[in-house]
Structures are given as C-alpha cells and as structure tokens.
Amino acid sequence: MSPSLDDLPNLDAGAFRQPALQQLLPATRATHAPRILLLYGSVRERSYSRLLTEEAARLLRAMGAEPRIYDPRGLPLPDGEPEDHPKVQELRALAQWAEGMVWTSPERHGAMTGIMKAQIDWIPLSLGSVRPTQGKTLAVMEVSGGSQSFNAVNQLRILGRWMRMITIPNQSSVAKAFQEFDTDGRMKPSSYYDRVVDVCEELVKFTLLTRDVSNHLTDRYSERKEEAEKLEQRVSLRSL
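A brief look at the structure comes next. (Residues numbered from 1 in each chain as written. Predicted model: local features only at pLDDT ≥ 70, side-chain atom pairs only at ≥ 80, totals over all residues. Heavy atoms only, no water.)

**Looking at the overall build of the protein chain**
Check the secondary structure of the protein chain and you find seven helices and six strands. Starting at the N terminus and walking to the C terminus, you meet the elements of the protein chain as β-α-β-α-β-α-β-α-β-β-α-α-α. With the principal axes as the frame, the protein chain shows a C-alpha extent of 70 × 40 × 35 Å. A burial count over the protein chain gives 41% of its 240 residues as buried. For the protein chain, the share of sequence-separated contacts (at least 6 apart) that also reach a separation of at least 24 residues comes to 76%. Carbon and sulfur atoms make up 51% of the accessible area of the protein chain, which totals about 13,400 Å². The averaged location of the 31 negative side-chain charges in the protein chain is 2 Å from the averaged location of its 31 positive side-chain charges. (Helix = DSSP H or I, 4+ residues; strand = E, 2+ residues; numbered from the N terminus. Buried < 20%, exposed > 50% of the residue type's maximum accessible area, 1.4 Å probe, protein only. Contact = heavy atoms within 4.5 Å. Areas by Shrake-Rupley, 256 points an atom, 1.4 Å probe, with all protein chains shown as cover. Lys, Arg positive; Asp, Glu negative; His and termini not counted. Charge placed at Lys NZ, Arg CZ, Asp CG, Glu CD.)

**Structural notes on helix α5 (residues 191-210)**
In an α-helix, one turn spans 3.6 residues, which is why side chains three or four residues apart end up on the same side. Over its 20 residues, α5 extends 29 Å from the first C-alpha to the last, a length consistent with the 28 Å expected when each residue adds 1.5 Å. Where α5 is concerned, the buried positions are Val196, Val199, Cys200, Glu202, Leu203, Val204, Thr207 and Thr210. (Expected span 1.5 Å × (residues − 1).)

**Overview of the packing of helix α1 (residues 48-62) against α5**
In contact at an axis separation of 10 Å, α1 and α5 are set at 55° when each is read in the N-to-C sense. Between α1 and α5, the interaxial angle falls into the category oblique. The two elements α1 and α5 meet at a crossing, and its hand is right-handed. For the pair formed by α1 and α5, the contact residues are Leu52, Glu55, Ala56, Leu59 and Leu60 on the first element and Tyr193, Val196, Val197, Cys200, Leu203 and Val204 on the second. Here the contact of α1 with α5 is built from residues that sort into 10 nonpolar, no polar and one charged. (Axes fitted to C-alpha atoms, helices over the stretch in contact; angles between N-to-C directions. Parallel < 35°, antiparallel > 145°, perpendicular 65-115°, else oblique. Left-handed = near helix turned anticlockwise from the far one by under 90°. Nonpolar A, V, L, I, M, F, W, Y, C, P; charged D, E, K, R; others polar.)

**Quick word on the packing of aromatic side chains**
Here the structure, examined in full by the defined rule, presents one aromatic pair. Seen from the ring of tryptophan 97, arginine 68 lies directly overhead, with NZ or CZ sitting 4.1 Å from the centre. (Phe/Tyr/Trp six-rings, centres within 6.5 Å; stacked < 30°, edge-to-face > 60°. Lys NZ or Arg CZ within 6 Å of the ring centre and 35° of its normal.)

**Observations concerning helix α3 (residues 114-122)**
Of the residues making up α3, those classed as buried are Met116, Ala118, Gln119, Ile120 and Trp122. At its buried positions, α3 is contacted by β1 (35-40), α2 (86-97), β3 (100-106) and α4 (151-162).

**Comments concerning the nonpolar core**
Membership of the largest hydrophobic core comes to 25 residues, with the highest contact counts inside it found for Leu39 and Trp103. Those elements giving two or more residues to this core turn out to be β1, α2, β3, α3, β4 (137-143) and α4. Looking at this core, the element that brings in the most residues is α2, giving five residues. For leucine 39, the residues in contact, after removing those within four places along its chain, are Thr53, Tyr70, Leu91, Val102, Trp103, Thr104, Met116, Gln119 and Ile123. (Core = buried A, V, L, I, M, F, W, Y, C linked by side-chain atoms within 4.5 Å.)

**Looking at the pairing of β3**
The buried fraction of β3 amounts to seven of the seven residues, a majority that puts the element mostly inside the structure. Side chains of β3 alternate between two faces, with Gly100, Val102, Thr104 and Pro106 and Met101, Trp103 and Ser105 buried alike. Sheet topology places β1 next to β3; five bridges connect them, and they run parallel. Paired with tyrosine 40 across the strands is threonine 104, a residue of β3. As paired elements, β3 and β4 share seven bridges and run parallel to each other. (Pairing = 2+ DSSP bridges.)

**What about the pairing of strand β2 (residues 66-69)?**
Alignment of β1 against β2, held across four bridges, turns out to be parallel. Bridging across to β2, leucine 38 finds its partner in isoleucine 69. With α1 bridging β1 and the parallel β2, this β-α-β connection has right-handed handedness. (Right-handed = clockwise from strand over helix to strand, strands pointing away.)

**Describing the pattern of salt bridges**
Evaluation of the coordinates by the stated rule reveals 14 salt bridges. Among the ionic pairs, arginine 68 bridges to glutamate 66, the shortest N-O distance being 3.2 Å. A relative accessible area of 36% places arginine 68 in the partly exposed class. Look at the salt bridges and you will find they share partners, linking Arg35, Glu99 and Arg211 into a network. (Salt bridge = Lys/Arg side-chain N within 4 Å of Asp/Glu carboxyl O.)

**Quick word on the side chain of glutamate 180**
Within the element layout of this structure, glutamate 180 appears in the loop between β6 (172-174) and α5. Look at glutamate 180: it is buried, it has no salt bridge, and the nearest opposite charge is lysine 188 at 6.9 Å. A polar atom in the side chain of glutamate 180 sits 3.4 Å from the side chain of serine 190. Residues in contact with glutamate 180, not counting those within four places in the same chain, are Val174, Ala175, Arg186, Met187, Lys188, Ser190 and Tyr192. (Polar contact = N/O pair within 3.5 Å; in protein donor to acceptor, adjacent residues only side chain to side chain.)

**Digging into the side chain of threonine 207**
By the element assignment, threonine 207 lies in helix α5. Take threonine 207: its relative accessible area is 0%, and that puts it in the buried class. Ignoring anything within four residues of it in the chain, the contact list for threonine 207 reads Pro34, Ile36, Glu99 and Thr137.

In short, shape yes, function no, at least from these values alone.
Right under this line is the structure:
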C-alpha cells in the first residue's frame, strides 16, 4: 500500500522512497572473501601502528577476509604532486577495490598523525561517478606511547562519517604500545589484544552484512531529488 504524502507538502513525491525490508535482502550474495584495506600512520622503522595493522591483517585473514596493507612511504603531501603520482594511484585503486577498511594511527600531540591524514585526504569523495569509500565499512584503532587515549580514534570516526563510511561501533586504543609487542613485532596476549580480535571480528560481520546492499543503504532522497531536477533542466533545454 502506497503511503499518503498529503501531510508532507514540502516533500518531492517523485524522489521519495519508502524503505523496504526486501531491498535489504538481496536475492544473491557475493561469495568472495571480504576485501579489507588497512592504512597505518607512521613510517618509523619500528612503527607500532604498522605492527598493530599487521596483527589485524593476520586476524582478518584467519576470519576469511582478504586483507591488503598500504605502505605510506613515498606518498606525497596532498596537492604536493599531481594525482597521477604512482603512490596516489596505488592508494586510490586499493580504496576502490576494498569493501571495508581499517585505519590505525599513532596519537601524536593529541591527534592523529599527518601521515594518516594525508592518506585519507588523497582518497576523494568521488572519482567521476564512483565514490571510493561510500557505503563501505570502517574500523578505527590507535596506539599511544603513554596512557590510554581516544583522541585519534575519535578524529578517525569523524573522517569516516565525512567519507560516508559505515564505521563499526567497536574500536581499539592500545596504551604504552612499546610494552605490547615482542622483539619479533608480534602483539603480546592482553586485554588490548582481545579487543583487537573483537574489532576485526565485528568488521568482518558488518562487511558481510552490508556489502551487497551498500548501494541501497546510501541511496539518498536529497540526491535523487537533485538528479531529477538536473534531468528536468536538460529536457527543458532540448525542447527550446
């Protein structure tokens, strides 16, 4: 039964859609491993954000995902080089390939690092008609040298919203990270490690749940209305 829009005079009836459960239950589902891109925010030789990222990648692989880690070394500052720079093109190709992401930053001066922000800034909201991040899942993590903090993950969440991503509820913040990894760079058993497992597990679940319906989840009234208005203008111009 069609809804009555008589009480909504400001609504564009042609662009309005009533959310339907059936559209969230696709007839076919993808069977390939969830594709997860992992970014980290430090280029130090012993980078704890990289070590945490590598640990997360191992966990994601064990959970049936296909993780790929981007190495930020050599990535220029945003707008410092043309968009056809090889490291920029590599990052953008991975962003389009991915169905979900993990962003892991050190906390430096109470914030995420410039290296972390630069990677996100090089990923545009749109590439032609393609939006590389919209509707994709995101997990956020951070490492710090002192007591536990959530400044970096909070900032990463803001960026995830701005990039129109589905940021999962769980997150990880590893305090005194220098104590949490052994000489081989493997994370030691701890409550911090358990939380990382939780984050990876939740990310895979959300990715499996949403990847086949991300287009429907991100289909917006305002954008449908805007497209209808543009079409009307083109038709009007052709009739002149």
